[in-house]
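Examining the three-dimensional arrangement
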Amino acid sequence: MQTNFDKTQLADPAIQRSNEILRSCVHCGFCTATCPTYKVLGDELDSPRGRIYLIKDMLENSRVPDEKTVSHIDRCLSCLSCMTTCPSGVHYMHLIDHAREYVETHYRRPIVERALRWILAQILPYPGRFRLALRSARLLRPIKSLLPDARLRAMLDMVPEHVPAPSRNDRPQVFRAAGERRKRVALLTGCAQRALNTDINDATIRLLTRHGCEVVIPKGLGCCGAITHHMGKAAQSHAAAATAINAFTAEIEREGLDAIVINTSGCGTTVKDYAHMFRDDPLAGRAARVAALAKDITELMNDLGGLGQPLLKERLRVGYHAACSLQHGQQIKSLPKDLLKSAGFEVFEPKDAHICCGSAGTYNLMQPAISAELRTRKVKSIELVRPDVICAGNIGCMVQIGSGTDIPLVHTVELLDWATGGPRPRSLPSAGPQAHEGGSR
């Protein structure tokens, strides 16, 4: 694609990077075949190729974004399926991130939308605030139908029936390896996940210590910055990321780390991109070091040689949902399924597994209609494989899919922990496997 940025514009590293990405696009349109919003809406401007044209025009002309451009950019899920599909290697992730930051800086949204986005940015990355908000939101459910904004109703729909108490395991501490120490790793405990499901980190710690890892929960660790990063709030996201980088660096310098383990794939995609995020920052060296150590939990288990001899005696049909941030953002596709199979589970992947479930960070809250349609399609495809349980490697996907089906839903690591001596996941019924006829709602 030909671009026409002038020398002054190209002096900006963000413009320079976007220029490189734009020039790599050859207009082939392969991306439209795998873009969820194009599949739902059928609008060229709601495909990666269409958004690329809009972003190019906006950036080249240094113009204030108009409502039409912003709406099409906002409707992008950042699922990154287009990056997997693209034969030219267009790094769409960096381009859409830049576009969102540009919109956040140059476009004044309607007051209600500004307020909603501000509230989400002030609550979701903070487990304590989020937990309080979830409990408070349950009181508003009886008047949900009276709320004028569909986004507010969507937020109430996502509130779980039970909000767990904080887990002591999420506090700064060290969990010693069982037996000889093979690796020393730090665990990113997350933010929203800590409020929604404490079992995931608990299972991760048990699984890792059982397989010879000393697990460190670093002091001062908070949100990785992913949530606000995808909202275009660069200052807030970089501040959170910098705090995480410094917390991990302190552990690296104290006793060393073999890996930084991440069990929420949306966070993993962002942390692995820290080197790019901080490329022109004094933290560049530290950021690159942290990014290089970041591993999804399934990557680390593979590095450790797998699960060993599984103890599981109960075979379940597992419907595996491949989170977009894992399969597209990190290009991790077979490892979770291979580990589950080695644990003794029967693993089934639904049709169109490459298509997003509609969660995408805050997307299901800010774009509820499109998100609901994608959830319905995803749930139907999963239910067709008749699983006893659905598993995924990302808390956002778990909440999204779980809101549309009665089939038990767990994190991949919960099944791996159970198969190697841990407790049965609480989401599973106590009886043996039962074939599900469906159960979407």
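This text goes with the structure placed above it.
**Brief notes about the sheet that holds strand 9 (residues 409-411)**
Read across the open sheet, the four strands follow the order 7-6-8-9; overall the sheet is parallel. At either margin of the open sheet sits one strand with a lone partner, and together these are strand 7 (346-348) and strand 9. Ignoring strand direction, the axes of neighbouring strands in this sheet form an average angle of 35°. Of the strand pairs in this sheet, strand 8 (residues 389-392) and strand 9 are connected by three bridges, and their pairing is parallel. What sits directly across from Cys 391, in strand 9, is Val 410. In the packing of helix 20 (residues 335-342) onto the sheet, contacts are made with strand 6 (317-320), strand 7 and strand 8, and the angle to strand 6 comes to roughly 175°.

**What to know about the pattern of salt bridges**
Evaluated as defined, the whole model comprises 29 salt bridges. Between Arg 151 and Asp 149 there is a salt bridge; the shortest N-O distance is 2.9 Å. Taking relative accessible area as the criterion, Arg 151 reaches 16% and is therefore assigned buried. Asp 149 sits in the buried class, given a relative accessible area of 15%. Close ionic contact of Asp 280 with Arg 279 constitutes a salt bridge, the shortest N to O distance being 3.8 Å. Classification of Asp 280 as exposed rests on a relative accessible area of 57%. The network of salt bridges with shared partners includes Arg 176, Arg 181, Arg 184, Glu 214, Glu 251, Arg 254 and Glu 255.

**Focus on the environment of Gln 327**
With respect to the element layout, Gln 327 can be found in helix 19 (residues 324-329). Under the relative-accessibility criterion, Gln 327 is labelled buried at 7%. Residues within four places of Gln 327 in sequence aside, it is in contact with Thr 84, Ala 322, Ile 332, Lys 333, Ala 353 and His 354. There is a polar contact of 3.1 Å between the side chain of Gln 327 and the backbone oxygen of Ala 322.

**Description of the packing of aromatic side chains**
Going through the model one piece at a time under the given rule, you end up with two aromatic pairs. Centroid distance Tyr 274 to Phe 278: 6.1 Å. Interplanar angle 85°. Geometry classified as edge-to-face. The exposure class assigned to Tyr 274 is buried, which follows from its relative accessible area of 0%. Relative accessible area serves as the criterion here: at 2%, Phe 278 is assigned to the buried category. Ring centres of Phe 345 and Trp 418 lie 6.1 Å apart, and the angle between their planes is 40°; on these two criteria the pair is classed as tilted. Here Phe 345, found in the loop between helix 20 and strand 7, pairs with Trp 418, found in helix 24 (residues 412-419); they are 73 residues apart in sequence, far enough to count as distant. With respect to class, Phe 345 is no different from Trp 418; both count as buried. Positioned above the aromatic ring of Tyr 126, the side-chain terminus of Arg 129 is 3.9 Å from the ring centre. The ring of Phe 348 has Arg 317 sitting right over it, with the charged end atom 3.9 Å from the ring centre.

**Re the side chain of His 328**
Structurally, His 328 is set in helix 19. A distance of 3.0 Å separates the side chain of His 328 from the backbone oxygen of His 354, its partner in a polar contact.

**Looking at the environment of Ser 265**
Structurally, Ser 265 is set in helix 15 (residues 265-271). Ser 265 sits 67 residues away from Ile 332 along the chain, and the two C-alpha atoms are 9.7 Å apart. Look past the residues within four positions of Ser 265 in its chain and what remains in contact with it is Ala 323, Ser 325, Leu 326, Gln 330, Gly 393 and Asn 394. A distance of 2.7 Å separates polar atoms of two side chains, one belonging to Ser 265 and the other to Ser 325.

**Re the environment of Asp 199**
As for its placement among the helices and strands, Asp 199 is situated in helix 12 (residues 199-210). Looking at Asp 199, the relative accessible area reads 17%, which means it is buried. Taking the C-alpha atoms as reference points, Asp 199 and Pro 127, separated by 72 residues in sequence, lie 15 Å from one another. With sequence-adjacent residues up to four places away left out, Asp 199 is seen in contact with Glu 414 and Arg 426. Among the polar contacts made by the side chain of Asp 199, one reaches the side chain of Arg 426 at a distance of 2.4 Å.

Cut-off values and rules
- Residues numbered from 1 in each chain as written.
- Predicted model: local features only at pLDDT ≥ 70, side-chain atom pairs only at ≥ 80, totals over all residues.
- Heavy atoms only, no water.
- Pairing = 2+ DSSP bridges.
- Helix = DSSP H or I, 4+ residues; strand = E, 2+ residues; numbered from the N terminus.
- Axes fitted to C-alpha atoms, helices over the stretch in contact; angles between N-to-C directions.
- Contact = heavy atoms within 4.5 Å.
- Salt bridge = Lys/Arg side-chain N within 4 Å of Asp/Glu carboxyl O.
- Buried < 20%, exposed > 50% of the residue type's maximum accessible area, 1.4 Å probe, protein only.
- Polar contact = N/O pair within 3.5 Å; in protein donor to acceptor, adjacent residues only side chain to side chain.
- Phe/Tyr/Trp six-rings, centres within 6.5 Å; stacked < 30°, edge-to-face > 60°.
- Lys NZ or Arg CZ within 6 Å of the ring centre and 35° of its normal.

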